[in-house]
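# Coordinate inspection notes
Listed below, chain by chain, are the residues.
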Amino acid sequence: GDRHTKLITIGHKIEPTLVTTLADQDNVKNIMEDRINIMKDACRKHGLDTPGPDPLHQVKSWEYFINWEHSLVWCNVFKSASTSWMYIFNVLSGYSPKFLKKTRKIPLTLAREKYPRPSVDQLKEVLKRPNVTS
């Protein structure tokens, strides 16, 4: 069968392993829901779940990439799988994997050519859409 990624919780870490069953998708779904809840709890604990006038509470929309066609929103956080996501967004924008492998251009520069920096209003608009992944 097809290979799928299974995530196994080890303490507070998530370790990827390959499995061959579709039944493990429920386990992955539960783990991802747990991650969302952990993030929401941390934001609530530090007061980041409510709007505020200070810079810490302001959305930095210019850091985001929006792929409207595939309903994807991503905030570029360096050292957090950013190289992988940059590659995915560049492929989705039309760059071929062959081109990306041989070009000397910086992936971020290529991506910004296809994904201009969004305004706060554009970011809020896309995040209100149903079935958006961010």
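You'll find the structure just up there.
Quick look at the structure, then. (Residues numbered from 1 in each chain as written. Predicted model: local features only at pLDDT ≥ 70, side-chain atom pairs only at ≥ 80, totals over all residues. Heavy atoms only, no water.)

## What to know about the side chain of Ser-61
Mapping Ser-61 onto the fold places it in the loop between helix H1 (24-45) and strand E3 (64-67). Residue class for Ser-61 comes out buried when judged on its relative accessible area of 4%. A distance of 3.3 Å separates a polar side-chain atom of Ser-61 from the backbone nitrogen of Val-120. When residues no more than four places from it in sequence are discounted, the contact partners of Ser-61 are Pro-118, Ser-119, Val-120 and Leu-123. (Helix = DSSP H or I, 4+ residues; strand = E, 2+ residues; numbered from the N terminus. Buried < 20%, exposed > 50% of the residue type's maximum accessible area, 1.4 Å probe, protein only. Polar contact = N/O pair within 3.5 Å; in protein donor to acceptor, adjacent residues only side chain to side chain. Contact = heavy atoms within 4.5 Å.)

## Here we look at unusual backbone geometry
One non-glycine residue, Ser-71, lies in positive phi territory at about 55 degrees. By the element assignment, Ser-71 lies in the loop between E3 and strand E4 (72-75). At Asn-131, a residue that is not glycine, the phi angle is positive and equals roughly 65 degrees. Mapped onto the secondary structure, Asn-131 falls in the segment after helix H5 (120-128). You can call Asn-131 exposed: its relative accessible area is 71%.

## Here's the deal with the nonpolar core
Membership of the largest hydrophobic core is limited to seven residues, which are Phe-65, Leu-72, Trp-74, Met-86, Phe-89, Ala-111 and Tyr-115. Sequence-distant contacts of Met-86, defined by excluding residues within four places in its chain, comprise Phe-65, Trp-74, Asn-76, Pro-107, Leu-108 and Ala-111. (Core = buried A, V, L, I, M, F, W, Y, C linked by side-chain atoms within 4.5 Å.)

## Thoughts on the pairing of E4
The pairing of E3 with E4 spans four bridges and is antiparallel. In the strand pairing of E4, Tyr-64 is matched with Cys-75. Here E3 folds back onto E4 in antiparallel fashion, the turn holding four residues, of which Ser-71 has a positive phi close to 55 degrees. (Pairing = 2+ DSSP bridges.)

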